[in-house]
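Letter by letter, the chains look like this.
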Amino acid sequence: MTATPDTRTASAASVTRHDWQRSEIEALLALPFNDLLFRAQGVHREHFDPNAVQISTLLSIKTGACPEDCKYCPQSGHYNTGLEREKLLQVEAVLEQARRAKTVGASRFCMGAAWKHPSAKDMPYVLEMVKGVRALGLETCMTLGMLSREQAEQLNDAGLDYYNHNLDTSPEYYGEIITTRTYADRLETLDHVRQAGMKICSGGILGMGESVNDRAGLLQQLANLPTHPESVPINMLIRIQGTPLEHVEDLDPLDFIRTIAVARILMPRSHVRLAAGRELMSDETQAMAFFAGANSIFYGERLLTAQNPQASHDKQLFARLGLHPEQREEADDAAQEAALQAQMMRARLDALTTDASVPRRAASGAAADV
């Protein structure tokens, strides 16, 4: 089956699939811009309130000195970006930030640590953070690097809702960006997260010098997972002085919008998030991204170590566009447990039938991979 520009309606494209071919995705990326956005908006309206945007807040709970060599990241210990290293935050300091996030409308609180993987001595503190944030009535999300199966189960038992672990780019281009962990390592962590019963947040970064084929390859990997990620962050590279990608050519905003739209078509029930790079986007670019199917953002003035649009500006933009924050649906403990068990069962069946804030000190313009 090959996607064609004019023979399929917008609604026909919303069938959930896990067998996308690279050529099909490239054909979608090559559609006339208006046709692509029309199709994506149709898919979006089938599954979501088109004017609701899920709001998350992100806090770096441990900054810098990461042993990974991700070429986009100022937190890597391999590069001199001027980022000040900081130890793991105390639990109460994290909970105070979560309380502030809730008061300004966030429904999900995300916590990120610059680790290759969590250490045994840090896990108890991480688990207490999850429990504390969840007790505030917020959804919880963490990004801590690679996870063992046991660590994933511990996080699930503590009540973690989402785990973020990005694939970053296509399998073919991955080695140009990272050498300290493999693509298979990342897929393994996603499998541990899914099998433990948590939801997955996984996406990638655009503008790292990749080709259109690489963007198609990233989306193919995500869309062909046994269960689609519930959240798909699409980051625009923020070029950081001192990293190997500081001089890479700027990404065309329309190419970014195209990728958002195709992500919406391929993963019709996933939240597609505008993540890092929003500070560099015009209001018009963001408006097109929302029309193309993006329905999640980070709210607040900082993403891990990166600048983010001012909260007041986001409020003004939402008002101009007629958007409103998506409300979290609360459920009692029994309903939550039943939903969790059902999700775990679906994940196991899929596996059997399918061939995975206080301003932070940082160098100017630091990036986030979230």
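Check the entry above for the structure.
An account of the accompanying structure is given in this report. Because the structure is a prediction, the values reported are computed rather than measured.

**So, the pairing of strand S8 (residues 271-274)**
And step 1. Across the two faces of S8 the burial is the same, with His271 and Arg273 and Val272 and Leu274 all buried.
And step 2. Across four bridges, the pairing between strand S7 (residues 231-236) and S8 is parallel. Directly across from Ile234, in S8, lies its bridge partner Leu274.
And step 3. At this point the chain moves from S7, through helix H9 (residues 253-266), to the parallel S8, and the crossover so formed is right-handed.
And step 4. Of the strand pairs in this sheet, S8 and strand S9 (residues 296-298) are connected by two bridges, and their pairing is parallel. Within S9, the position partnered with Leu274 by the bridge is Ile297.
And step 5. Taken together, S8, helix H10 (residues 283-292) and S9 constitute a β-α-β crossover, and its handedness is right-handed.

**What about helix H8 (residues 212-223)?**
And step 1. Spanning 12 residues, H8 covers 16 Å between terminal C-alpha atoms, matching the ideal 16 Å at 1.5 Å per step.
And step 2. The buried fraction of H8 is high, at nine of 12 residues.
And step 3. Buried within H8 are the following residues: Asp214, Arg215, Ala216, Gly217, Leu218, Leu219, Gln220, Leu222 and Ala223.
And step 4. Looking at the buried side of H8, the elements it contacts are helix H1 (22-29), helix H6 (171-174), helix H7 (183-196), strand S6 (204-206), S7 and H9.

Cut-off values and rules
Residues numbered from 1 in each chain as written. Predicted model: local features only at pLDDT ≥ 70, side-chain atom pairs only at ≥ 80, totals over all residues. Heavy atoms only, no water. Buried < 20%, exposed > 50% of the residue type's maximum accessible area, 1.4 Å probe, protein only. Helix = DSSP H or I, 4+ residues; strand = E, 2+ residues; numbered from the N terminus. Pairing = 2+ DSSP bridges. Right-handed = clockwise from strand over helix to strand, strands pointing away. Expected span 1.5 Å × (residues − 1). Contact = heavy atoms within 4.5 Å.

Don't take any of this as a statement about function, it's just geometry.
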